[in-house]
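Residue-level listing of the chains:
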Amino acid sequence: MPGITLIVSGTPDADLTNRLMTEVSNLTCKVLKKELERCAMIVQYQPEDQWFIAGQSLVAHGKKAFRLEVTITDETNTKAEKAEYHRQAFALLEGIIGNLHPHANIHIVDCRASAYGYAGITQEEYNFRRLNA
């Protein structure tokens, strides 16, 4: 189950939120080979005058930004898949948001199966139960 957190510069916009949720979730499932039914996503907005890069606000830069964090389990994806996700996710968000600062960023957090889970069990335990059912 990937946990996805996307912070976008600007003010909340319901239509944009729904588009971002749909397109980022679908991309994550396609490129990182995850199941949509097990995706959880949070979309947040941060005012551009409160987002700083190189000591200046996005307002001063005249740019927009995002921070996309995707949590996956224990090397379930190859380096090539992660690199491809970075390329495609940046291109997708650049197309949707536009005028991005080059330091808009993506983090793929690769957690150990014993440290990541949901429904009160770790992924390690979930996989053990699934394999021994």
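Residues numbered from 1 in each chain as written. Predicted model: local features only at pLDDT ≥ 70, side-chain atom pairs only at ≥ 80, totals over all residues. Heavy atoms only, no water.

1. Topic: the sheet that holds strand β2 (residues 40–46)
Pairing in this open sheet of 4 strands is mixed, and the strands run β2-β1-β5-β6 from one edge to the other. In the strand order of this sheet, the two ends are held by β2 and β6 (105–111), each with one partner. Going across the sheet, the axis of each strand differs from the next one's by a mean of 15°, ignoring polarity. Relative to strand β5 (residues 66–73), strand β1 (residues 3–9) runs antiparallel, the two being bridged by 6 bridges. (Pairing = 2+ DSSP bridges. Helix = DSSP H or I, 4+ residues; strand = E, 2+ residues; numbered from the N terminus. Axes fitted to C-alpha atoms, helices over the stretch in contact; angles between N-to-C directions.)

2. Structural notes on the packing of aromatic side chains
Applying the stated criterion to the full structure yields 2 aromatic pairs. Summarising the aromatic geometry, the rings of F66 and F90 are spaced 5.7 Å apart at their centres and angled 50° between planes, so their arrangement reads as tilted. On the criterion of sequence distance, the pair formed by F66 in strand β5 and F90 in helix α3 (residues 79–97) is long-range, its members being 24 residues apart. F66 gets classed as buried once you look at its relative accessible area, which sits at 0%. (Phe/Tyr/Trp six-rings, centres within 6.5 Å; stacked < 30°, edge-to-face > 60°. Buried < 20%, exposed > 50% of the residue type's maximum accessible area, 1.4 Å probe, protein only.)

3. Remarks on α3
Its 19 residues place the ends of α3 26 Å apart at the C-alpha level, agreeing with the 27 Å of an ideal helix rising 1.5 Å per residue. Taken as a whole, α3 has its buried residues at E81, K82, Y85, A89, L92, L93, I96 and I97. Projected down its long axis, α3 shows its buried positions confined to an angular sector of 105°, all on one face. Facing away from the buried surface of α3 by more than 90 degrees, the exposed residues are K79, A80, R87 and G95. One or two residues past the end of α3 sits G98, with phi positive at roughly 75°. (Expected span 1.5 Å × (residues − 1). Arc of directions from axis to C-beta.)

4. With respect to the nonpolar core
Core analysis: the largest hydrophobic core is formed by 28 residues, its most contacted members being L6, V24, F66, L68, Y85 and L93. Counting residues per element, the ones that place at least two in this core are β1, α1 (14–32), β2, β5, α3 and β6. It is α3 that contributes the most residues to this core, 6 residues altogether. Every residue in contact with Y85, bar those within four places of it in the chain, is listed here: V24, L27, T28, V31, L32, L68, V70, F90, I106 and I108. (Core = buried A, V, L, I, M, F, W, Y, C linked by side-chain atoms within 4.5 Å. Contact = heavy atoms within 4.5 Å.)

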